[in-house]
Amino acid sequence: MTKRGRFITLEGGEGVGKSTNMAFVVATLEAQGIEVVSTREPGGTPRAEAIRALLLDPAPEEALNTDAELLLMFAARAQHLAEKIIPALSRGAWVVCDRFTDATFAYQGGGRGVAFERIAQLEAFVQRGLAPDLTLLLDMPLSAAQSRLESRLSSRQEQRDRFEQEQGDFFQAVRRAYLERAGAEPNRFALINAHQPLEDVQADIEQELAKRVAAWR
Ligand SMILES: Nc1ncnc2c1ncn2[C@@H]1O[C@H](COP(=O)(O)OP(=O)(O)O)[C@@H](O)[C@H]1O
Ligand SMILES: Cc1cn([C@H]2C[C@H](O)[C@@H](COP(=O)(O)OP(=O)(O)O)O2)c(=O)[nH]c1=O
């Protein structure tokens, strides 16, 4: 693939404001005349969304095996890359994605305890070197993110999905794994303090985008 567009991902734990800030990132880029494809993982295409439903279903009658969960994440990703992300980047559009493979390292690696090397093998197999150009990691203390999530769940009367049913130490491990990855790849990651009023979070995101977009165009 000759990649021409840029690939931006948003990452972070539950309730840190990824969905809220996706729209802001897309609008900021579109205001500069950039064609943007906005998408999410797991999911992003009809078949990948069907895999997402399997992954998030709390189905009490059968646990989901850890390796099956990991492979389904990458199966959804393979479909999403082939049908949506790669075609968009190839024609020069920019792709903004709510979660990508850093979430697999954080949740399946940090949270579930799968060895990072095993995840890296699947990453190489499925992505063949394709990686985000910029990853905005929204980070905040767990307790504050949990209370945001509680109010979102109750206002939309949503059920907790299979991941949202996990306990605090799972999410601490997820957060730690994200922060480790950001520390190891400081050029790709922009660490955003998500524990601020929304306009301050967005000012920080805008600044990070401005720094890179000018250099890329
Ligand atoms: N900076 C912020 N300050 C206060 N509340 C926020 C902020 N950002 C998002 N929220 C609210 O917190 C909840 C979770 O945000 P959301 O974007 O759905 O998070 P995520 O997609 O990361 O789970 C939503 O109700 C949202 O309106
Ligand atoms: C992309 C991805 C998501 N996930 C999990 C994290 C989320 O709990 C769940 C669904 O993602 P998402 O809808 O982004 O969750 P939320 O908006 O509640 O933050 O899938 C993984 O465990 N591994 C992955 O590779």
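Residue positions within a chain follow its written sequence, with the count starting from 1. Following the order in which they are written, the chains are lettered starting with A and the ligands numbered starting with 1. In keeping with the model being predicted, local features are shown solely for residues with a pLDDT of at least 70 and side-chain atom pairs are shown and tallied solely at 80 or more, while totals for entire chains, interfaces and linings include all residues.

Colleague: I would appreciate a short explanation of the overall build of the protein in the present structure.
Modeller: Comment: elements are numbered from the N terminus, with helices defined as DSSP H or I runs of at least four residues and strands as E runs of at least two. If you tally the helices and strands in the protein, you get 8 helices and 5 strands. Ordered by position in the sequence, the α and β elements of the protein form the string β-α-β-α-α-β-α-α-β-α-α-β-α. Once the C-alpha set of the protein is aligned to its principal axes, its extents read approximately 50 × 40 × 35 Å. Two residues form a contact once the distance between their C-beta atoms, set from the backbone, is within 7 Å. Long-range pairs, those at least 24 residues apart, make up 83% of the contacts in the protein between residues at least 6 apart in sequence.

Colleague: Help me understand the UniProt feature "binding site: ATP" (unreviewed entry) in the protein in this model?
Modeller: UniProt positions are given in the numbering used here, feature names are shortened, and annotations may be inferred rather than shown by experiment. In the numbering adopted here, UniProt assigns the feature "binding site: ATP" (unreviewed entry) to Gly 12, Gly 13, Glu 14, Gly 15, Val 16, Gly 17, Lys 18 and Ser 19. With respect to the element layout, Val 16 can be found in the loop between β1 (7–11) and α1 (18–30). With 27 C-beta atoms packed within 10 Å, Val 16 lands in the buried category. Apart from residues lying up to four places away in sequence, Val 16 is in contact with Leu 138, Asp 139, Met 140, Ala 145 and Ala 194. Position of Lys 18 among the secondary structure elements: in helix α1. Not counting chain neighbours up to four residues away, the residues in contact with Lys 18 comprise Leu 10, Gly 12, Asp 98 and Leu 138. Think of it as a crowd count around each C-beta: if 20 or more other C-beta atoms lie within 10 Å the residue is buried, if 12 or fewer it is exposed, and in between it is partly exposed, with C-beta placed from the backbone throughout.

Colleague: Explain the site of ligand 2 here, please?
Modeller: Around ligand 2 sit 13 residues, and of these Glu 41, Ala 103, Thr 104, Tyr 107 and Phe 163 come closest. When residues of the shell around ligand 2 are assigned to their parent elements, the largest contribution, 4 residues, is made by helix α4 (residues 101–111). Gly is put with the polar residues, along with every residue not named as nonpolar or charged; the nonpolar set is Ala, Val, Leu, Ile, Met, Phe, Trp, Tyr, Cys and Pro, and the charged set is Asp, Glu, Lys and Arg. Tallied by class, the residues present in the shell around ligand 2 amount to 5 nonpolar, 3 polar and 5 charged. As used in this record, a residue near a molecule or strand is one whose C-beta atom, placed from the backbone, is within 6 Å of it.

Colleague: What's the story with the site of ligand 1 in this structure? I'm lost.
Modeller: Every one of the 14 residues lining ligand 1 counts as a neighbour, but Gly 17, Lys 18, Ser 19, Thr 20 and Arg 148 are closest to it. Where the shell around ligand 1 is concerned, the elements lending two or more residues are α1, α6 (142–156) and α8 (198–216). For the shell around ligand 1, the per-class residue count stands at 4 nonpolar, 6 polar and 4 charged.

Colleague: Sorry if this is basic, but what is going on with the sheet that holds strand β3 (residues 94–98) here?
Modeller: In any sheet, the strands associate via hydrogen bonds between backbone groups, in a parallel or an antiparallel arrangement. Two strands are counted as paired when DSSP detects at least two bridges linking them. The sheet built from 5 strands is open, its strands ordered β2-β3-β1-β4-β5 with parallel pairing. The open sheet has two edge strands, β2 (36–40) and β5 (189–193), and neither has a second partner. Adjacent strand axes in the sheet meet at a mean angle of 20° when their direction is disregarded. Inspection of the sheet shows β2 paired to β3 by 5 bridges, in the parallel sense. In this analysis, axes come from line fits to C-alpha atoms, helices being fitted only over the stretch in contact, and the angle between any two N-to-C directions falls in the range 0 to 180 degrees.

Colleague: Can you help me understand the pairing of strand β4 (residues 134–139) in this one?
Modeller: A regular strand carries its side chains on alternate faces of the sheet. Among the 6 residues of β4, 5 are classified as buried, and the element is accordingly described as predominantly covered. Pairing of β4 with β5, which is carried by 5 bridges, proceeds in the parallel orientation. Bridging across to β5, Asp 139 finds its partner in Asn 193.

Colleague: Please explain the confidence of the model for the protein as it appears in this structure.
Modeller: Detailed reading of predicted coordinates is not advised where the pLDDT is low. pLDDT: the predictor's confidence for each residue, scored from 0 to 100. Residues of the protein with pLDDT of at least 70 account for 99%, and the chain-wide mean is 95. The ipTM for the predicted assembly is 0.97, set against a pTM of 0.97.

Colleague: Sorry, what's going on with the environment of Pro 186 here?
Modeller: Residue placement: Pro 186 occurs in the loop between α7 (168–184) and β5. Taking the C-alpha atoms as reference, Pro 186 lies 24 Å from Ile 85; in sequence the two are 101 residues apart.

Colleague: In this structure, what is going on with the packing of helix α3 (residues 66–90) against helix α5 (residues 116–127)? I would like to understand it.
Modeller: Each packed pair of helices is defined by two parameters, the angle between the axes and the distance between the axes. At their nearest, the axes of α3 and α5 sit 10 Å apart, and the two run at 20° to each other. The orientation of α3 with respect to α5, classified from their angle, is roughly parallel. By crossing handedness, the relation of α3 to α5 is classed as right-handed. Across from Leu 70, Phe 74, Arg 77, Ala 78 and Leu 81 in α3, the residues of α5 making contact are Ile 119, Leu 122, Val 126 and Gln 127. The residue inventory of the contact of α3 with α5, partitioned by class, reads 7 nonpolar, 1 polar and 1 charged. Angle categories are assigned with fixed cut-offs, so that under 35 degrees is roughly parallel, over 145 is roughly antiparallel, 65 to 115 is roughly perpendicular, and the rest are oblique. In this scheme, a crossing is called left-handed if the near helix is turned counterclockwise away from the far one by less than a right angle; it is called right-handed if the turn is clockwise.

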